[in-house]
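This is what each chain is made of:
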Amino acid sequence: MGARIIRNRPWKRQFGFMLGYPMPPRRRHSARPPAAGRATAGARGHGRNRAADRDGDHARQPAHSSAPAPAAVTASARASARARGNASPAAAGANGAANAGGEAREVEWQLTAPDLSLVRRWLEQHTRLDDLSLEPLPAQQLHDTYLDTEDWRLMRAGFALRFRDKGGHVEATLKGLHSARNDAADRREITEALGGSAVRSRAKGSSTKESGPGESGTRALAHASGPVGTRVRDVAGAKPLRILFEVRTSRQRFAVRRRRPAADLGEIALDEARFSRGDGHRRPMLLTRVEVEATAPDSTSVERLAQRLRAECGLHRASENKFAVGLRSASLDPPRDARPEREPE
């Protein structure tokens, strides 16, 4: 005589133990749904049982199922879009303005300037240009530290990692090394603030030698859960970060604004940067440069301003970005397939 399977309610005991998951009843598909508003109490109760059965079936779905839930599909699509650098229309912001994920497009024109005083006088004499106004902003003292792994994993992924200290506020930025335009530097930029933890860690360091944001920023980044920290850990893995070089910059800024209708269009920065040297030289390498950055979606007015500034002040388009200059100043020679591209001539 064959064995007989007894189906019963979960609160009934069979063979001395509790059956926690009863077998769901077979579903019957009716040919015609009941009319709205005419369901009886029994039908409503039967509907609730079916809903519970569906929930139970979903909870017992195997982990290897190839049909993910709609929410998981949406999250996966968003993650893939972020990895490809394609922001959704709702998350895409203006040039230079980071969206909720800390991502932005940096569009700027980098110009070599042997004499910054000449450019400074030109800006002070041209506070009104057509429909634009140029207004001075507070100066900044910046301390930047660039890092990568020993085998250049971040650079091979197309990014430069920079820690920037602006008066005690520390932020980590992944700067794209490849421009989307030939006539300007148009690169991807991802930023995450490290302020509090990095500054507190640095304050506990040695007082005999002034330390930069490198070591303290690395400790803070190891525990950061934002867009930079997660990406750096994914790319670097267990490889530790090492300091490539440091830059100290004195920056004088001018805001570029449109008068009618009033709007902020960009910023002009006059930089005097000193790069640390890695070849035994005590004196740092000095670089003077003018950067004209567009922060609005339409960069036409700022581009015309950069062209006029270049023509009337005798400036030239920079052939190297600051990251490439820093590598050269520190006598670092990354692999050929990982080197940053040169700026367009």
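Keep in mind the model is a prediction, meaning the values are calculated, not measured. (Residues numbered from 1 in each chain as written. Predicted model: local features only at pLDDT ≥ 70, side-chain atom pairs only at ≥ 80, totals over all residues. Heavy atoms only, no water.)

### Observations regarding the confidence of the model for the chain
Stage number 1. Mean pLDDT over the chain stands at 75; residues scoring 70 or higher make up 62%.
Stage number 2. With pLDDT under 50 throughout, residues 10-25 is counted as low confidence; its partners more than four residues away or in other chains account for 18 contacts.
Stage number 3. Note that pLDDT drops below 50 for residues 197-210; the model gives that stretch 16 contacts with residues more than four away or on any other chain. (pLDDT = per-residue confidence, 0-100. Contact = heavy atoms within 4.5 Å.)

### Digging into the pairing of strand S7 (residues 169-176)
Stage number 1. Most of S7 is tucked away: seven of the eight residues are buried.
Stage number 2. As paired strands, S7 and strand S8 (residues 185-193) are joined by five bridges and run antiparallel to one another. Across the sheet, residue Thr173 finds its bridge partner in S8, namely Thr191. (Buried < 20%, exposed > 50% of the residue type's maximum accessible area, 1.4 Å probe, protein only. Helix = DSSP H or I, 4+ residues; strand = E, 2+ residues; numbered from the N terminus. Pairing = 2+ DSSP bridges.)

### Remarks on the pattern of salt bridges
Stage number 1. Under the definition given, this model contains 20 salt bridges.
Stage number 2. A salt bridge links Arg242 to Glu150, with the shortest nitrogen-to-oxygen separation between them at 3.8 Å. Here Arg242, found in strand S9 (residues 242-258), pairs with Glu150, found in the loop between strand S5 (132-148) and helix H4 (153-156); they are 92 residues apart in sequence, far enough to count as distant.
Stage number 3. Between Lys322 and Asp271 there is a salt bridge, with the nearest N and O atoms lying 2.6 Å from each other. One end of the pair, Lys322, is in helix H9 (residues 322-329); the other, Asp271, is in strand S10 (residues 263-275), with 51 residues separating them in the sequence.
Stage number 4. Take Lys322: its relative accessible area is 14%, and that puts it in the buried class.
Stage number 5. Salt bridges sharing partners connect three or more residues here, namely Arg251, Asp271, Glu291 and Lys322. (Salt bridge = Lys/Arg side-chain N within 4 Å of Asp/Glu carboxyl O.)

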